[in-house]
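Each chain, letter by letter, is given below.
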Amino acid sequence: MKRRWWKEGVVYQIYPRSFYDTNGDGIGDLRGIIKKLDYLKELGITIIWLNPVYKSPNDDNGYDISDYQNIMDEFGTLDDLQNLISELHKRGLKLIMDLVVNHTSDEHLWFIRSRSSKQSPFRDYYIWRSGKNGRKPNNWKSFFGGSAWEKDKATDEYYLHLFTKKQPDLNWENPEVRDKVYKMMKWWLDKGIDGFRMDCINMISKEAGLPDTDECDSRKTLRTRPFINGPRVHEFLQEMNTKVLAGYDIMTVGECAGVTTEDAMKYAGEDRHELDMIFQFELVELDFGPEGKWDIGQWKLPDFKNVISRWQKALHGKAWNSNYLMNHDQPRALSRFGHDGKYRRESAKLLATLLLTLEGTPYIYQGEEVGMTNIAFDSINDYRDVATLNFYQEAVGNSMDKKRVMEAIHYRSRDNSRTPMQWDSSENAGFTKGNPWIKVNPNYKQINISEALKDPDSIFYYYKRMIELRKHNPCLVYGDYTLLKDEDENIYVYLRTYGKERFLVILNFSDNISFLKLTEPGSHAEFIIGNYEVSVKTGIDKKMRPYEARVYRL
Ligand code: TEU
Ligand code: CA
């Protein structure tokens, strides 16, 4: 396996809107990120991924872009971004930016021109169809509710939008569209950025004829939709690689909902010349009920282990994993896979241990490093996420019980991860001197960065130590992964092996004491790090306390 900086690095994801506000308008900004770079350097991360900062009317918080080569007014200017790049590079940190090219905003000049007339030279930049016998062109649904087709008055035709109707899908069949995208990517790379996180990249190719899909709703069958892993997607990505990516020493990660490990090998196989790695969704969909995302199910540790183990095994030596427990689209990992009450500190550290001892590049989401938790607003009016608001409208419209609707939102809303960063215990958690665009989590007085930095036993310092451990041990980066059998449904144990080096990781995912039933491996295990005081430093104590995590060198 080739050594690469992006394999050995640790990514920190910044959601700029909620990170740090420097001018009191209640919205995080680029200068705010620059102000906090020393904090991030202290944590030890090496790569920053920024959610979209381009010009946008913000129907979907920046994922609806109206100008790819300009910065959103609230976030700052191109000069600020250039400063951010040089301040990062000065500190030895890298920057990857979001690339959102499955769709644009309906306020992008291309779309304004495209919708103006059927004869427009931009018409074919998007996917236009006339209705079928007075009905929509097909039965595809938008990810955010309702049909994926919107009828446009000017020409009486429909355009496709897999997300909101302010996010029309680009037509990748059109070589002019692809060339413009590639040119724009080069423009950014020449500014010195170090790579891209590619939004919905496995949706850019749609099956010819745009056939109806057999099933619209279930996430389980997402992979079979005519717009997922479409017929030309690999051709497009190889073209992008040849024309753009290959010329730079950068990293790329593609967001790919609805992929198996086999699909992943096609997108990110070492010999494929497409992407460096992808985000897959299996882990974060374990608790989807049969009705999908808003149907709250239960996740179980054996399934959790299976998913991780399957991906670790399948990609080893062939492609590269990316590991994340949450992002800006997901609830807080701590509230979901850990325990955000009594065992908040222990379980946050347990999740850190997992994330930083797997093969693949780890992604930490802002606030994860201090154990931020989900939010539960009483009123729907305090929510901002378009997917949440659409779900509420639709569910209440279908006369679903309001209390149940709010419960689902409390568990699943994307706003769980989008509340402002909790910097200190001052008003608005020190995030802004003005009115925050979304309310701060009321627990900021206890949970904040300033407290964490004062406490040597904090979650923050545990992350820092784990990141350091990974940095100094290639075994944790490149080593082979083996799941060890333990009948206990609460414990997760695995080995990482690299030549003669071996690490053993033991995680108790329960709020009870559990006993390890392992017979092997040996008695001279050396304790390296854990989230509890440990008296036995050589050999393994089989008693695992609630959410206890330990790493041994064998
Ligand atoms: O998300 C794409 C995606 O697959 C979503 O449907 C995801 O499954 C959902 O948000 C989970 O709740 C990307 C971005 O990450 C997201 O923030 C954008 O809203 C979306 O694309 C459209 O650009
Ligand atoms: Ca601001």
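In this text the structure is predicted, and so the values were computed from the model without any measurement. (Residues numbered from 1 in each chain as written. Chains lettered and ligands numbered in written order. Predicted model: local features only at pLDDT ≥ 70, side-chain atom pairs only at ≥ 80, totals over all residues. Heavy atoms only, no water.)

A. Focus on the pattern of salt bridges. Applying the stated criterion across every chain, the model contains 45 salt bridges. In this structure, D73 and K55 form a salt bridge, with 3.1 Å as the shortest nitrogen-oxygen distance. Note that D73 is positioned in the loop between β4 (67-71) and α4 (78-90) and K55 in strand β3 (residues 54-55), a separation of 18 residues in sequence. Among the residues examined, D73 registers a relative accessible area of 60% and is labelled exposed. In this structure, the salt-bridge partner of R336 is D287, at a minimum N-O distance of 2.8 Å. Here the residue R336 occupies a position in helix α10 (residues 333-337), and D287 occupies one in the loop between β11 (277-279) and β12 (288-289), the gap between them amounting to 49 residues. For the pair shown, R336 and D287 are each scored as buried. Look at the salt bridges and you will find they share partners, linking D60, D329, D385, R414 and R418 into a network. (Salt bridge = Lys/Arg side-chain N within 4 Å of Asp/Glu carboxyl O. Helix = DSSP H or I, 4+ residues; strand = E, 2+ residues; numbered from the N terminus. Buried < 20%, exposed > 50% of the residue type's maximum accessible area, 1.4 Å probe, protein only.)

B. Molecular detail of unusual backbone geometry. The phi dihedral of N61 falls on the positive side, at around 40 degrees, and the residue is not glycine. As for its placement among the helices and strands, N61 is situated in the loop between β3 and β4. A residue is classified by how much of its surface remains accessible, and N61, at 14% relative accessible area, is buried. One non-glycine residue with positive phi stands out, namely Y547, at about 55 degrees.

C. Examining empty space enclosed by the protein more closely. Scanning the entire structure with this criterion turns up 4 cavities of 30 Å³ or more. Considering only enclosed or pocket space, the largest cavity measures out at about 160 Å³ in volume. Along the wall of the largest cavity there are 15 residues; nearest its centre are Q280, L283, I308, N323 and Y324. Secondary-structure elements contributing two or more residues to the lining of the largest cavity are α9 (301-315), β14 (322-324) and α11 (344-355). Among the elements that take part in the lining of the largest cavity, α9 stands out by supplying 4 residues, more than any other. (1 Å grid on protein atoms, 1.4 Å probe; cavity = no way out; pocket = protein on both sides within 12 Å on 5 of 7 lines; lining within 4 Å. Points joined across faces, edges and corners; volume = space filled by probe spheres on them.)

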